[in-house]
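Examination of the molecular architecture
Here are the chains, one letter per residue:
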Amino acid sequence: MKITIPKHIEIKISCLFLILLILAFFIPIQHKVHCQYLLHLEECPKEHTFLGFFVGIHLFEVFFQILILEWYPLLYPHIYIILFEFIFGILASNFLINTLLRTRFAKFTNAFLRREFLLRINLIPNKQTLLNVFLLIFSILICVIILEVFTRSYLPQGVQLKGEFSQESLNPVMPDDIIGWINKPNYSLMKTGENAYIVKSNHNSLGLRSETELINKTKKRILLIGDSFIYGEGLDQNETLDYFLKKELNDTYEVINSGVSGYYTLQEYMLLKRSYDATKPDFVAVSIFYNDLRHNIFPSLSGTKKPYVSLNSDVIKLIDEQYKRESKRVTPIIRKIFDILNKIFEKPKDFLLRYSQAFNFVYKDRLRFLAIKDESYTGDVFVFSNKKNKIIDYAFSTECEILKLFVSFFKEKNIDYVFFYIPARIEIENKSIAATFNQYYDLPLEEANFDRPIKEIKTCFVENSKEESSIFSLKDKFLEVKEGLYNTHGNHWSPKATNLTAKILKEELQKRNFT
């Protein structure tokens, strides 16, 4: 039996079909907001949109994840269902118009049905096709080079340098089966910081950002807990909050930096419980950033496992069980395939992260590109909204429950403590707030309430004046200074901000008669 492979396939597309296809994209539908890998599907809110937008955003997500060499978000079957339905719908409807309608209703629709487009799909590429593919790849390469030159000139992103402190990866954290990720112990790195000068990061054997080990306790210890602001992302070792606070206190106290980039309140609580025996602090300062409220209740992003609080679970029970979400909607075979793909692209991705400013720019800002109307909960800014709904209300109530767990732990261990709110850059430098909100989050400025997070958090302890006084905001003092508090390229603190925060913390320590 001889099998002949055709050189090409020809498909006739009716003019009427093209018109119907265009009109179909404007069909209004009610669908669950595209947050399947952010929330459980049954917990996603519903929005009204058009079928074309619904299909387009999913196709864009597929393209974007492939562009940054990450595959886990593609595991979720809804993407394949949409692609299948879209392709099947095109073929089926075109076939229907070209066969059944042509024979039965040609008399009435002759004007449309007799007008056709011929679509030729080459199965075996000819010279012209190969030339077109080469030109496409060449054009993309030129664009990438131009983007690389531009980002290296105007948008330093912290690409790792070759030399003594080079590591296999830029990432200062490592996976952890319970907390999600932790700082790598005995880690050292030099890179370009967010202010475009060389900064150095060192971790000791406990994963604390420090050039020295914890020794036998001879002074009272102050433990700083938080995310990248406390860790000192983009800052040198002598520009971090713990460095300046130690100076403010004249080295009479031992100040420990337990910040971990990307952490949120739930992870910080879990880390405190784990590290308490090793650190034995006398005073703990816990930072709160507005994106903590989203991360407490949202599952993993880009395949990163992390603990979170489900809308259908008990907060305390969840934390004690170290609950982590695993997708049950993906077969082991498909997951294995994507695990292999991630393994294949792991080294190329690490190489690009180390040496390509352009790739860093796209990779690190990927959520900003995807934070459009259909993904209204992908961005953290929804906590500044005046809206009240199931997700927003639960975000605030969960934060409160976790803070109460902190308080219970502090009382059990007889530790003095304070919580402080870190304002976002858009809260302090508000020149571009309106544009930012409208462009990325589809949230009109008049609907924004920047005081909402700290007010909502303070209501956690409104029945206890002592606990309420343990929470304060840096915002007022930051607004007095306003300029120069954030890095040139990024949204993290500059040395000016860490120095100011150290002075504010010293005042709070004095108020509480700790110093």
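A few points on the structure.

Each value, and the rule that gives it
- Residues numbered from 1 in each chain as written.
- Predicted model: local features only at pLDDT ≥ 70, side-chain atom pairs only at ≥ 80, totals over all residues.
- Heavy atoms only, no water.
- Helix = DSSP H or I, 4+ residues; strand = E, 2+ residues; numbered from the N terminus.
- Buried < 20%, exposed > 50% of the residue type's maximum accessible area, 1.4 Å probe, protein only.
- Contact = heavy atoms within 4.5 Å.
- Areas by Shrake-Rupley, 256 points an atom, 1.4 Å probe, with all protein chains shown as cover.
- Salt bridge = Lys/Arg side-chain N within 4 Å of Asp/Glu carboxyl O.
- Phe/Tyr/Trp six-rings, centres within 6.5 Å; stacked < 30°, edge-to-face > 60°.
- Pairing = 2+ DSSP bridges.
- Axes fitted to C-alpha atoms, helices over the stretch in contact; angles between N-to-C directions.
- Core = buried A, V, L, I, M, F, W, Y, C linked by side-chain atoms within 4.5 Å.
- Polar contact = N/O pair within 3.5 Å; in protein donor to acceptor, adjacent residues only side chain to side chain.
- Parallel < 35°, antiparallel > 145°, perpendicular 65-115°, else oblique.
- Left-handed = near helix turned anticlockwise from the far one by under 90°.

So, on to the overall build of the protein. Counting its regular elements, the protein contains 19 helices and 13 strands. Burial status across the protein gives 48% buried among its 515 residues. In the protein, the proportion of contacts linking residues at least 24 apart, taken out of those at least 6 apart, comes to 72%. Accessible area for the protein stands at about 26,700 Å²; split by element, carbon and sulfur atoms hold 61% of it.

Now for the pattern of salt bridges. In the structure shown here, the tally under the stated rule is 14 salt bridges. Put simply, Glu-429 and Arg-425 hold a salt bridge, and the shortest N to O gap is 2.8 Å. Linking Glu-507 and Lys-477 is a salt bridge whose minimum nitrogen-to-oxygen distance equals 3.2 Å. Of the two residues, Glu-507 sits in helix H19 (residues 495-511) while Lys-477 sits in helix H18 (residues 475-481), which places them 30 residues apart along the sequence. On the accessibility criterion, Lys-477 (31% relative accessible area) is partly exposed. One network of salt bridges, in which partners are shared, links Asp-393, Arg-452 and Glu-456.

Geometrically, a pair of aromatic rings is defined through the distance of the ring centres and the angle of the planes. Summed over the entire model, instances satisfying the criterion amount to 18 aromatic pairs. Consider the rings of Phe-229 and Trp-493, whose centres lie 5.2 Å apart with planes at 70°: the pair is edge-to-face. Of this pair, Phe-229 sits in helix H5 (residues 228-231) while Trp-493 sits in the loop between H18 and H19, and the two are 264 residues apart along the sequence. Like Phe-229, the residue Trp-493 is buried in the burial classification. A centroid spacing of 6.0 Å and a plane angle of 75° characterise the contact between Phe-406 and Phe-419, whose relative ring orientation is edge-to-face.

In space, the five strands of this open sheet follow the order E10-E9-E11-E12-E13, with parallel pairing throughout. At either end of the open sheet lies a strand with only one pairing partner, and these are strand E10 (254-257) and strand E13 (471-473). Adjacent strand axes in the sheet meet at a mean angle of 20° when their direction is disregarded. When strand E12 (residues 416-422) meets E13, the two strands line up parallel, connected through three bridges.

Strand E9 (residues 221-225) sits mainly inside the fold: five of its five residues count as buried. Of the pairings in the sheet, the one linking E9 to E10 comprises four bridges and is parallel in character. Counted as the bridge partner of Arg-221 is Glu-254 from E10. Across four bridges, the pairing between E9 and strand E11 (residues 283-289) is parallel. Bridge assignment links Ile-225 to a residue of E11, and that residue is Val-286.

So, on to the environment of Phe-26. Residue placement: Phe-26 occurs in the loop between helix H1 (15-24) and strand E2 (28-32). Linking Phe-26 and Thr-49, residues 23 residues apart in sequence, is a C-alpha distance of 8.8 Å.

Here Phe-478 is to be found in helix H18. Given a relative accessible area of 0%, Phe-478 falls into the buried group. In contact with Phe-478, not counting residues within four places along its chain, are Pro-423, Ile-428, Leu-485, Tyr-486, Trp-493, Ala-497, Leu-500, Thr-501 and Ile-504.

Another point: the nonpolar core. Counting residues in each nonpolar core, the largest one holds 85 residues, and the members touching the most others are Phe-406, Phe-410, Phe-419 and Phe-478. By residue number, the principal contributor to this core is helix H13 (residues 390-413), which donates 13 residues. Discounting chain neighbours no more than four positions away, the residues touching Phe-406 are Ile-225, Thr-265, Glu-268, Tyr-269, Leu-272, Val-286 and Phe-419. Among the nonpolar cores identified, the runner-up in size contains eight residues, and Phe-64, Ile-68, Leu-69 and Phe-361 belong to it.

This part covers the environment of Thr-279. By the secondary structure assignment, Thr-279 is in helix H7 (residues 265-279). Given the relative accessible area of 2%, Thr-279 is considered buried. As a C-alpha pair, Thr-279 and Leu-206 span 73 residues in sequence and 9.5 Å in three-dimensional space. The contacts of Thr-279, once residues within four sequence positions are left out, are Leu-214, Arg-221, Leu-223 and Ile-256. Looking at Thr-279, its side chain comes within polar contact range of the main-chain oxygen of Ser-275, at 2.9 Å.

With that settled, consider the packing of H7 against H13. With their axes 9 Å apart at the nearest point, H7 and H13 run at an angle of 20° to one another. With respect to H13, the element H7 is oriented roughly parallel. For H7 against H13, the interelement crossing comes out left-handed. Of the residues in H13, those in contact with Thr-265, Leu-266, Glu-268, Tyr-269, Leu-272, Lys-273 and Tyr-276 of H7 are Glu-399, Ile-402, Leu-403, Leu-405, Phe-406, Phe-409, Phe-410 and Lys-413.

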